[in-house]
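What follows is the residue order along each chain.
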Amino acid sequence: MNSITRSLRWLLTKPISWLVKVNSVPADVEQELGIDKTKPILYLMQTESFTDQVALQKSAEQLNLPDPFSLIEYAGRKQKRRFSIEHPKSLLTSKIRPVNIEDTFTEMFTEHREYPELDLQVVPVFVTWGRSAGREKSGFAQLVASTASPNWLRKMFIVLYFGRDNFVSYSPAVSTRYLADQHGSDQQIAQKLIRVARTHFQRKRQTLSGPTLLERSTLYNAVLGSESVKVAINEEVSDKSINPTEARAQAKKYVDEIAADYREGLIRIGDRLLGRIWNKVYDGIDIEHSERVRELAQHGHEIIYVPCHRSHMDYLLLTYVIYHEGLVTPHIAAGINLNFWPAGPILRRCGAFFLRRSFAGNKLYTAVFREYLDLLFNKGYSVKYFPEGGRSRTGRLLPPKTGMLAMTLQTIIKGINRPVSIVPVYIGYEHVMEVKSYMKELKGKSKKKESPVQVFSAIRKLKNYGHGFVNFGQPIGLTTFLDDSVPDWRDHQESSERKPKWLTPAVNQLATTIMSRINRASALNGTALLALCLLSSKTMIMSKKELINAIGDFLKLFSEVPYSDDSTLPDECAEDLVDRTLALNRFEQSQDEFGEMVSPKDGTAVFLTFYRNNIIHMFAISSLIAGVVFNAKRLEKKEILSYVKRLFPLLKREFFMHQSVEEALEYSEALIAHFKQTGMLNQKGKYITVPEPSHPSFNTFWLLSRTMQETWQRYAVVLRILEGESSISRATLERQSVTIAERLSTLYGLSSPEFYDKNVLATFIAALKDNDLIDSTEDGALAFNEATAALKEAIEPLVSDEIIQHLEQI
């Protein structure tokens, strides 16, 4: 390149660089895409555009990839490194002119035959400016929308308008050696490469921008013109003795109440605001397994995100993450309680659609909502809804509400022209801003209605909340799920039956699978680990040295015996993790002559249960093993595994654990092996025993044995009541269990509100029934039997003596 060309390029590059802020997707091209930076790299782009090339240059510099303007040497000569398949449109016509690179690639493949060792990586790179999908009607927004290969004048407006919203998206590299070894002439191989690249770039545009947005008039016509809504309108006319015009007007009001009014511009503004908020609120957001979702999008899947729900922040955080991972931001199902000014209009323009807590008795509303949801799926919009139905006040996953899942499966049954996949998402925090109000609600205080005052008050109080965590779980392909669970489901596609008999069991199975995959993708974090340790100690105070040692042991445990392939651990050592967590000022630190002490701040121990409950399922089996051995002092391994086999089905139901009984037993064997290796368990002949008190990890193992203590106590309460009654109704059993649990909580200072939570107790009672551990009488009452007695004998040794004594007195 001569000096004049270099100078000209430098003069043009500088002002463009000032305008452009690049987002590289993915951020780690080596791990996710398998691109080898040590091998020669060529870039293949859609359009021969200088501004696109400058954006690629900035991105390549960020990712430590070769400069696209540099030359590459192979086959004994230097060649340019970047290629494009299209010229920009001309200023006067909309025709796209192809670039004549067929001869270039043909010659390249010919050289591969002359140089058998030659192997280059062709990396497809798609550059987009803004994320506008466009609307059905034209306007200024359409003028600057980033369309395929725009002319230079339009591109100038695009860069000026969207320069700060530039995305450079990389795809897996294609080996030129692999292509050269294919059947066909060099020219045919080159033609195939160009043809596949053109299709690939079209899919990339769809992946990043999504389908065209519907005008309101089209939305009304699609929903109100559907057969099911017409039938519901006619029933409304008949039932309420009103005329069809009034009924249709009511249906239209429901559309306005429900439907999102997505504005890409507001998303861009929100991205800037949220970026500042996250920098103020969190010192990092850890994102894992996003490549799964990108792969689904690349293959044209309709994506439904189903995250756990622990804070109002979930709405914003997940959408922000999805946007920055180069994916289409979803339409979000939000409770009607959030449709207040100014939050409602803002959320609606960010893609929220609103639903009532109950559809019961309102056939017209139900029909309108179903058709709107069907429309979103069929048009290819990604969707997000919370399967728990509301925020968890305890930190545990709530039993799922299945209404949205049922409507989703009904849409599949009706027929949809693309594969649909559900993506479970784990969202976790080191601090949740609503946790104080949650504890008040659990103790009986009524929930405050959302209002502008609440919103502004919450924003004003924002401060450093530590890390946030977003882990994308294993996707569930709904067609595959139905094929496995209901092989003949396609027979119902032509049926007029809206709700086939198999639907409810299938929905329940799907809901349980989703919740277990959310928990499978859990993230251990500093606050949760400190909370778990302090709440497991009898006095809720520990020396900092003990705390670091215990957390170090736990991190080693989950590093060597992972809870699952999807769960994540902090990448810090225990000491750094504890120091960073204490710096958040959520714990009390004191000093005595022997060293530093850590405890909950006054009155905050109850808050820590929320964070512990985020991860307690990860400790359930290891805590059971520790508790059994500590109680018995010595046991054979088969006896420990027998305990696990008996109690795991109850834990699985309560904590949405993903393992089968067989997998839980295999996991238990791996845990026992780890405990023996680290000295937390000793093998003496055929017996396994607890470590000596002098062992460095004795305290860790003792804490582990106490982690599930409240769970065993709650089980003991229910089983004692069942034993004392010949038969008892389920409602009475739940009521008496709550009463006794509340008494124990008061007497013994148990800090966890979910200890006497009706829903948690009801889940255990349901698990007893599902596992045939209690009998059902003809009138539906529950009765103690031999299996219940055996379970009680297994549970009570795990419970502290003072609790058992008090239960006997009651």
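Summary of the structure given here. (Residues numbered from 1 in each chain as written. Predicted model: local features only at pLDDT ≥ 70, side-chain atom pairs only at ≥ 80, totals over all residues. Heavy atoms only, no water.)

**Looking at the overall build of the protein chain**
In terms of regular secondary structure, the protein chain is built from 33 helices and 24 strands. Radius of gyration (C-alpha) of the protein chain: 30 Å, near the 28 Å computed for a compact globule of 810 residues. The dimensions of the protein chain, computed from C-alpha atoms along their principal axes, are 90 × 75 × 55 Å. Taking all 810 residues of the protein chain together, the buried fraction comes to 56%. (Helix = DSSP H or I, 4+ residues; strand = E, 2+ residues; numbered from the N terminus. Rg over C-alpha atoms; globule rule 2.2 N^0.38 Å. Buried < 20%, exposed > 50% of the residue type's maximum accessible area, 1.4 Å probe, protein only.)

**What to know about the pairing of strand E19 (residues 595-600)**
Looking at chain direction, strand E17 (residues 542-543) and E19 are connected through two bridges and run antiparallel. Each residue of the ladder has a partner; that of Met 542, found in E19, is Val 598. Of the strand pairs in this sheet, strand E18 (residues 587-592) and E19 are connected by six bridges, and their pairing is antiparallel. From the neighbouring strand, Gln 591 faces E19, where its bridge partner is Glu 596. Two successive antiparallel strands, E18 and E19, enclose a turn made up of two residues. (Pairing = 2+ DSSP bridges.)

**What to know about the pattern of salt bridges**
Within this structure, the stated rule accounts for 39 salt bridges. Close ionic contact of Lys 240 with Glu 236 constitutes a salt bridge, the shortest N to O distance being 2.9 Å. Linking Lys 240 with Glu 236, this pair stays in helix H10 (residues 227-240), spanning four residues, or about one helical turn. When salt bridges with common partners are traced through the structure, they connect Arg 720, Glu 723, Lys 792, Glu 793, Glu 796 and Glu 808 into a single cluster. (Salt bridge = Lys/Arg side-chain N within 4 Å of Asp/Glu carboxyl O.)

**What about the packing of aromatic side chains?**
Within the structure shown, the criterion is met by 23 aromatic pairs. Ring geometry for Phe 50 versus Phe 69: centroids 5.9 Å apart, planes at 50°, classification tilted. In this pair, Phe 50 is assigned in helix H3 (residues 50-62) and Phe 69 in the loop between H3 and strand E3 (71-74), connecting sequence segments 19 residues apart. Owing to a relative accessible area of 26%, Phe 50 belongs among the partly exposed residues under this scheme. With a relative accessible area of 7%, Phe 69 lands in the buried category. Within the aromatic cluster, the residues linked to one another by ring pairs are Tyr 254, Phe 353, Phe 359, Tyr 365, Phe 369 and Tyr 372. Over the face of the ring belonging to Tyr 220 we find Lys 252, whose NZ or CZ atom lies 4.7 Å from the ring centre. One cation-aromatic arrangement involves Arg 356 over Tyr 365; the distance from NZ or CZ to the ring centre is 4.5 Å. (Phe/Tyr/Trp six-rings, centres within 6.5 Å; stacked < 30°, edge-to-face > 60°. Lys NZ or Arg CZ within 6 Å of the ring centre and 35° of its normal.)

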